[in-house]
Amino acid sequence: MKQALAALCISATLFASCGSGGEMGSTTATTEQSDAQKFLDAYTQEYVKLYTNSSSAQWKSNTEIVEGDSTNTVNARMADEAMAAFTGSTKNIDSARKYLAIKDKLTPIQAKQFELILYAAANNPQTVEALVKQRIKAENDQTRQLYSFQYVLNGKKVSTNNIDDILKKENDVNKRLAAWTASKEVGKTLKTGLVNLRNLRNQTVQALGYDDYFTYQVSDYGFTSAEMMQTMDRLMNELYPLYRELHTWMRYELAKKYKQPVPQYLPAHWLPNRWGQDWSHVVEVKGINLDSVLRTKSPEWIVREGEKLYTSIGFPALPATFWSQSSLYPYKPDSNVKKNNHASAWHMDLNNDVRSLMSVEPNAEWFETANHELGHIYYYMTYTNPDVPPLLRGGANRAYHEAIGTMMGLAAMQKPYLVGRGLVSADVKVDSIQSLLKEALNSVVFIFFSSGTMSNFEKALYVDSLQPNQFNARWWELAKKYQGIVPPTVRGEEYADAATKTHINDDPAQYYDYALSYVILYQLHNHIAKNILKQDPRATNYYGQTAIGDFLKKITYPGASKDWRTVLKESTGDELNAKAMLEYFQPLVSWLQEQNKGRTHTLPASL
């Protein structure tokens with residue numbers, strides 16, 4: 001631990017010169033700045049220790065889930081409680097408020113750290129210590145309940161990967177229905193816990209003046225809840241004409257594929273994803289059959305190939321501990337030990353211990369996902385530097401982390417890149433419209449799930465105090481309105497289909513992050529393609545382009561020490577908007593309109 005703390009420049013003698021962005025190292029620091037720095041040094045040292053302990057306990061809780069054994073869950077809860085007791089202590093709250101009251105006398109980077117300290121405290125205020133402990137216990141219990149669940153299909157134990165494969169490949173609608181239904185059974189076990197968590201989360205942040213937990217989370221962007229939802233509406237309205245055409249095309253294509261009458265709305269079990277958030281598996285781009293190539297590779301090859309993309313543009317190799325400490329590959333479906341099956345990246349100690357939790361298999365989806373998760377890892381590694389205090393080692397905003405990762409996943413799937421890596425032949429003929437269609441069925445479709453269904457459900461849950469006897473009705477009401485999706489059968493309130501989405505339980509009131517990340521990623525990718533590569537944004541090859549690495553390092557190096565709006569403006573020359581995304585998919589619009597001639601659009605002309 002001493003070595004880690006030294007590397008983080010947290011000791012009182014070192015931190016002033018390296019942890020404050022170079023602003024505190026001179027002899028010109030004012031008395032107020034010096035006093036503030038002493039507090040920050042001490043706070044940071046304890047914070048990093050507790051953060052590391054919590055990360056380690058949560059890692060075990062997410063990777064070693066054994067039915068009937070709650071040891072790891074209890075340890076995670078205890079570590080979280082220790083972290084909460086510190087960040088939410090009255091002393092730290094009072095100190096942060098005291099220094100923010102003289103904000104104009106502090107350096108900007110000091111002020112930013114105090115704002116973060118107060119933000120962290122709002123989730124764990126000592127004034128409601130009993131509530132905080134209840135919430136932490138409930139959160140850990142809920143995560144364990146979700147990931148210890150044994151999915152069963154036709155009397156056999158199955159994994160979520162097995163279910164996902166059926167939904168991607170099976171043409172028999174009855175078999176699809178059985179798999180989809182099996183995927184939703186876990187929701188029944190989570191509803192009571194979700195109600196309890198909603199109440200505890202709201203009550204906890206209300207103790208420091210926030211109206212509700214959704215409002216608390218949104219404030220991290222400098223937005224009110226209303227402003228965030230207005231932003232979500234704006235993004236959807238800009239993209240809605242394209243989505244409406246995609247929805248119409250999908251209804252007719254799936255009806256033909258499954259030999260069924262054309263439905264008014266898309267039955268959820270017809271779609272290749274459990275939540276209808278990604279329809280791209282319906283389209284196979286001829287000439288690029290990546291799955292057939294990748295199935296001859298090992299899961300480790302998939303991750304190593306991802307690392308090569310990053311090192312080729314100038315990032316360092318992954319640390320040896322990444323490979324020895326990560327959990328990258330799936331457990332056997334009948335394993336007694338389960339793990340969180342949602343891909344994620346972890347910055348264990350805010351220093352050099354970076355890990356990923358995945359279940360990599362040799363296919364195109366995991367190829368893209370591995371590149372995405374490594375985007376998070378390299379973001380961690382880049383802002384872990386002497387100019388960024390540990391408290392500010394985060395993304396410019398939460399969406400930036402997703403934007404960088406998803407952009408790199410997108411870049412790794414474009415034909416010129418795949419040709420360059422020897423995964424497809426250079427002379428292969430690829431239908432550019434089909435390729436664009438497949439991508440739109442991923443990213444454009446996802447906007448309406450993330451901005452529409454998910455964000456509105458969580459807003460209803462936390463801001464509007466949605467009643468438990470309306471959970472499922474509201475979920476499907478939103479899915480119909482924003483996604484044009486309906487359940488295959490009546491889904492009563494004994495179900496909690498929203499709770500089957502991991503983020504509803506253990507990454508709450510943040511799903512708008514993903515919507516914003518897509519907008520940002522197309523802005524960044526558009527800039528890279530046009531201004532760095534001088535290539536068509538739809539056909540790029542990032543590999544070996546160190547200028548891209550330089551561009552990304554400039555964005556990721558400051559971490560959260562620079563305002564996200566400033567980062568976006570400086571990197572792309574533009575404000576947050578969907579122009580780049582709309583431009584990217586423009587060639588697809590006229591093609592879809594031609595395909596849909598004579599077909600009935602069942603979604604309204606506007607949202």
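Data block above holds the structure.
First things first, this report covers the structure right here in the doc. In this text the structure is predicted, and so the values were computed from the model without any measurement.

**Some remarks on the side chain of N124**
Next, step 1: Along the chain, the position of N124 falls in the loop between α6 (108-122) and α7 (129-147).
Next, step 2: For N124, a relative accessible area of 11% corresponds to the buried category.
Next, step 3: Here the side chain of N124 touches T87 through a polar contact of 3.1 Å, side chain to side chain.
Next, step 4: The contacts of N124, once residues within four sequence positions are left out, are A84, T87, G88, V132, R135 and T204.

**Section: the environment of F471**
Next, step 1: Mapped onto the elements, F471 comes out in helix α19 (residues 471-483).
Next, step 2: When the C-alpha atoms of F471 and A496 are compared, they prove to be 6.7 Å apart, with 25 residues separating the residues in sequence.
Next, step 3: Setting aside anything within four residues of it in sequence, one finds F471 in contact with K191, L194, V195, R198, F457, L461, L466 and E493.

**Notes on the pattern of salt bridges**
When the charged atoms of two side chains with opposite charge come close together, those side chains can pair.
Next, step 1: Evaluated as defined, the whole model comprises 32 salt bridges.
Next, step 2: The salt bridge involving R274 is made with D164; its shortest N-O contact spans 2.8 Å. Taken together, the residues span a long stretch of sequence, with R274 in the loop between β4 (266-267) and α12 (290-294) and D164 in helix α8 (residues 160-169) at a distance of 110 residues. D164 matches R274 in its accessibility class, with the two residues each being buried.
Next, step 3: Residue D574 pairs with K579 through a salt bridge whose shortest N-O separation is 3.4 Å.
Next, step 4: The exposure class of D574 is partly exposed, given its relative accessible area of 24%.
Next, step 5: The class of K579 is exposed, set by a relative accessible area of 52%.

**Here we look at the packing of aromatic side chains**
Next, step 1: Counting across every chain of the model gives 42 aromatic pairs.
Next, step 2: When the centroid spacing of 4.9 Å and the interplanar angle of 80° are considered together, the rings of F149 and Y151 count as edge-to-face.
Next, step 3: With centroids separated by 5.4 Å and ring planes inclined at 50°, the aromatic side chains of F315 and Y378 adopt a geometry described as tilted. Within this pair, whereas F315 is found in the loop between α13 (299-312) and α14 (320-325), its partner Y378 is found in helix α15 (residues 364-383), the two being separated by 63 residues in sequence.
Next, step 4: Look at F315 and you get buried, because its relative accessible area is 8%.

Thresholds, definitions, all that
- Residues numbered from 1 in each chain as written.
- Predicted model: local features only at pLDDT ≥ 70, side-chain atom pairs only at ≥ 80, totals over all residues.
- Heavy atoms only, no water.
- Helix = DSSP H or I, 4+ residues; strand = E, 2+ residues; numbered from the N terminus.
- Buried < 20%, exposed > 50% of the residue type's maximum accessible area, 1.4 Å probe, protein only.
- Polar contact = N/O pair within 3.5 Å; in protein donor to acceptor, adjacent residues only side chain to side chain.
- Contact = heavy atoms within 4.5 Å.
- Salt bridge = Lys/Arg side-chain N within 4 Å of Asp/Glu carboxyl O.
- Phe/Tyr/Trp six-rings, centres within 6.5 Å; stacked < 30°, edge-to-face > 60°.

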